[in-house]
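Chain residues, written in single-letter form:
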Amino acid sequence: MTDLHRLSIRELSEGLAGSKFSSRELTEHYLKRIEKIDAQVQSYVTVTPEQALAQADAADALRKSGMANVLTGVPVAHKDIFCTQGIKTTAGSKMLDNFISPYDATVVAKGKVAGLVTLGKVNMDEFAMGSTSESSYFGATKNPWALDHVPGGSSGGSAAAVAADLAPFATGTDTGGSIRQPASFCGLTGLKPTYGRVSRFGMIAYASSLDQGGPMARSAEDCAYLMNVMAGHDAKDSTSMDQDVDDYVANLNGTSVKGLRIGIPKQYFNVAGLDADVKARVEESLKKLEEMGATLVEIDLNMTDAYVPTYYLIAPAEASSNLQRFDGVRYGYRCENPVDLTDLYKRSRSEGFGPEVQRRILIGTYALSAGYYDAYYVKAQKVRRLIQQDFLKAFESVDVIAAPSAPTTAYKIGANLTPVEMYLGDIYTIAVNLAGLPAINAPVGFDKDNLPVGLQLIGNYWSESQLLSVVHQYQQATDWHTKRAAIAEENA
Ligand code: GLN
């Protein structure tokens, strides 16, 4: 078959179960596409053909023995922030260019138990800090819709791999939008779960109180399959929630759009810098949801102006603390011929980290320093609580909240935004992480340059099923999620 990459996850599962094709054939098909097409997209940092084919053969054997799971033999790409035993895990950094993890992240281990075949590790902004995937030590990933544009970030490799049909779905992580924004820029569906729903064990830490892993795929249905693998309590992560997990696939029709109350925050649609096409497409998608029976309710989220300053204190503060472990001593990059210990620390860190990471370590260290801790960090934590309360108040009168995922479509590569310009692009996503809420991006059309636009739906705690279900209903009634970038049409 030449079009295996066109199949949805359900179709792949059914095809494997019905012996229409084997996992080996499917895996070889994807590996060939990666070999042919990824030089243009640069979504993978590491491709692991030998391991993938061995996993595929094991999956086929399991199928024959009648012991297979739903996803046994389906390929996946992992963001290079998830530790993979025996395979390089870089977090997009020179600091970890030589790091081979001795263990699997829980998400990766769960994927193995489910029978997923790992195609390789995909690119990302260095240590997940960024919105374009340009800060990777391994070079910029390209947007499959327009190769001179960024795929978004930090999970840009995950998004580009799926959008170019170089993986049927991929894992991502979202500290301040890194699943939703690249999904938006690449025309995909991506879910950032409630904080604590997906284990962070073995997921290289950026900002621990904000980081959360989640699925990126073409549709809500495909995301639901991966979410069934990723979600769940993990004793190895003390912030993981010991609470029953929904069957996200079984619940895809569990929420009706009829009667759904969708909150429209007044402040969000008056943000300076909101692109006219993005606004128009998002409003059209809301109109569609209204036709399907939803009620649009105007709401207030009064803390909107505080999102960017609050996040850009808390995230760098936690990052500066988390990244202390990269000291040139225990693992990772070590400078040549250090003259003493201070020189070893200084040069290993200034040579091993790129400019954006260094900038955040400086901001974070400053915010946490004795003289400024109360004025910056403690203050930001107080504002964070107000932001959370703002959302909880809104959820008293609505079921979900609608917003763009990003104020613009994908930037041009090398647009050279100043750091502050780039941070302002996170306005719609970061508050969700500060509050720990779940949110999803769904593709809802294109701008004048044929670049994808995304709608974001934010839910109350533990409402992943509801979000996936609402987007699934929308995707049954529309076809934006079926559109493919030209490069994805190419056959290997
Ligand atoms: N762009 C945001 C940042 O740079 C979010 C990144 C993320 O979610 N990992 O922090």
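Scroll up for the structure.
Residues numbered from 1 in each chain as written. Predicted model: local features only at pLDDT ≥ 70, side-chain atom pairs only at ≥ 80, totals over all residues. Heavy atoms only, no water.

## Remarks on the packing of aromatic side chains
For the structure on display, the rule yields 18 aromatic pairs. Relative to Tyr 312, the ring of Tyr 311 has its centre 4.7 Å away and its plane inclined at 75 degrees; by these criteria the two rings are edge-to-face. You'll find Tyr 311 and Tyr 312 in the same group, each marked buried. Three or more aromatic residues joined by ring pairs make a cluster, and in this case those are Phe 99, Phe 127, Phe 326, Tyr 331 and Phe 353. (Phe/Tyr/Trp six-rings, centres within 6.5 Å; stacked < 30°, edge-to-face > 60°. Buried < 20%, exposed > 50% of the residue type's maximum accessible area, 1.4 Å probe, protein only.)

## Re empty space enclosed by the protein
To locate leftover empty space, one rolls a probe as large as a water molecule over the atoms. If you walk through the whole model with that rule in mind, you get four cavities of 30 Å³ or more. Counted as a void, the largest cavity has a volume near 110 Å³. Residue lining of the largest cavity: 16 residues in total, with Gly 130, Gly 176, Ser 178, Tyr 311 and Asp 426 positioned closest to the centre. Split into classes, the residues belonging to the lining of the largest cavity amount to five nonpolar, nine polar and two charged. A volume near 70 Å³ is recorded for the second largest cavity. (1 Å grid on protein atoms, 1.4 Å probe; cavity = no way out; pocket = protein on both sides within 12 Å on 5 of 7 lines; lining within 4 Å. Points joined across faces, edges and corners; volume = space filled by probe spheres on them. Nonpolar A, V, L, I, M, F, W, Y, C, P; charged D, E, K, R; others polar.)

## Thoughts on the packing of helix H9 (residues 307-322) against helix H11 (residues 355-368)
At a minimum axis distance of 7 Å, the contact between H9 and H11 shows a crossing angle of 100 degrees. One way to sum up the angle between H9 and H11 is to call them roughly perpendicular. Mapping the contact onto sequence places Tyr 312, Leu 313, Pro 316, Ala 317 and Ser 320 in H9 and Arg 360, Ile 361, Ile 363, Gly 364, Thr 365, Ala 367 and Leu 368 in H11. (Axes fitted to C-alpha atoms, helices over the stretch in contact; angles between N-to-C directions. Helix = DSSP H or I, 4+ residues; strand = E, 2+ residues; numbered from the N terminus. Parallel < 35°, antiparallel > 145°, perpendicular 65-115°, else oblique. Contact = heavy atoms within 4.5 Å.)

## Examining unusual backbone geometry
Between Gly 153 and the following residue, Ser 154, the backbone shows a cis peptide bond with an omega angle of 5 degrees. Residue Asn 416 is not a glycine yet carries a positive backbone phi of 55 degrees. Note on placement: Asn 416 falls in the loop between strand E9 (400-404) and helix H13 (419-424).

## Thoughts on the site of the ligand
In the region of the ligand, 15 residues are neighbours, and Thr 175, Gly 176, Ser 178, Tyr 206 and Tyr 311 sit closest. Between the ligand and Ser 131 there is a distance of 2.9 Å, counted from a nitrogen atom to a side-chain nitrogen or oxygen. Bound to the protein, the ligand loses 99% of the 300 Å² it would expose on its own. A breakdown of the residues in the shell around the ligand according to their chemical character gives five nonpolar, seven polar and three charged. (Near = heavy atom within 4 Å. Polar contact = N/O pair within 3.5 Å; in protein donor to acceptor, adjacent residues only side chain to side chain. Areas by Shrake-Rupley, 256 points an atom, 1.4 Å probe, with all protein chains shown as cover.)

## Remarks on the pattern of salt bridges
Where side chains of opposite charge bring their charged atoms close, a pairing between them can arise. Using the criterion set out here, one finds 23 salt bridges in the structure. Glu 28 serves as the salt-bridge partner of Arg 24, at 2.8 Å between the closest nitrogen and oxygen. Of this pair, Arg 24 and Glu 28 are both found in helix H2 (residues 23-41), four residues apart, which corresponds to roughly one turn of the helix. Of the residues examined, Arg 24 reaches a relative accessible area of 29% and is grouped as partly exposed. Residues joined in a network through salt bridges with shared partners are Arg 10, Glu 14 and Glu 221. (Salt bridge = Lys/Arg side-chain N within 4 Å of Asp/Glu carboxyl O.)

## Brief notes about the side chain of Thr 118
Along the chain, Thr 118 turns up in strand E3 (residues 117-122). With a relative accessible area of 5%, Thr 118 lands in the buried category. When residues no more than four places from it in sequence are discounted, the contact partners of Thr 118 are Thr 48, Gln 51, Ala 52, Gln 55, Val 76 and His 78.

## Quick notes on the packing of helix H7 (residues 220-230) against helix H15 (residues 464-477)
Between H7 and H15, whose axes approach to 8 Å, the crossing angle comes to 155 degrees. In terms of orientation, H7 lies roughly antiparallel with respect to H15. Here Ala 220, Glu 221, Cys 223, Ala 224 and Met 227 of H7 come into contact with H15, specifically with Glu 464, Leu 468, Val 471, His 472 and Gln 475. Considered class by class, the residues forming the contact of H7 with H15 number six nonpolar, two polar and two charged.

## Focus on the pairing of E3
The element E3 is extensively covered by neighbouring structure, given that six of its six residues are classed as buried. Bridging between strand E1 (residues 44-47) and E3 involves three bridges; their strand directions are antiparallel. Among the inter-strand pairings, Val 47 is bridged to a residue of E3, identified as Gly 120. Pairing geometry for strand E2 (residues 75-79) and E3, over five bridges, is parallel. The residue of E3 that forms the bridge with Ala 77 is Gly 120. Running through helix H4 (residues 106-114), the crossover from E2 to the neighbouring parallel element E3 is right-handed. (Pairing = 2+ DSSP bridges. Right-handed = clockwise from strand over helix to strand, strands pointing away.)

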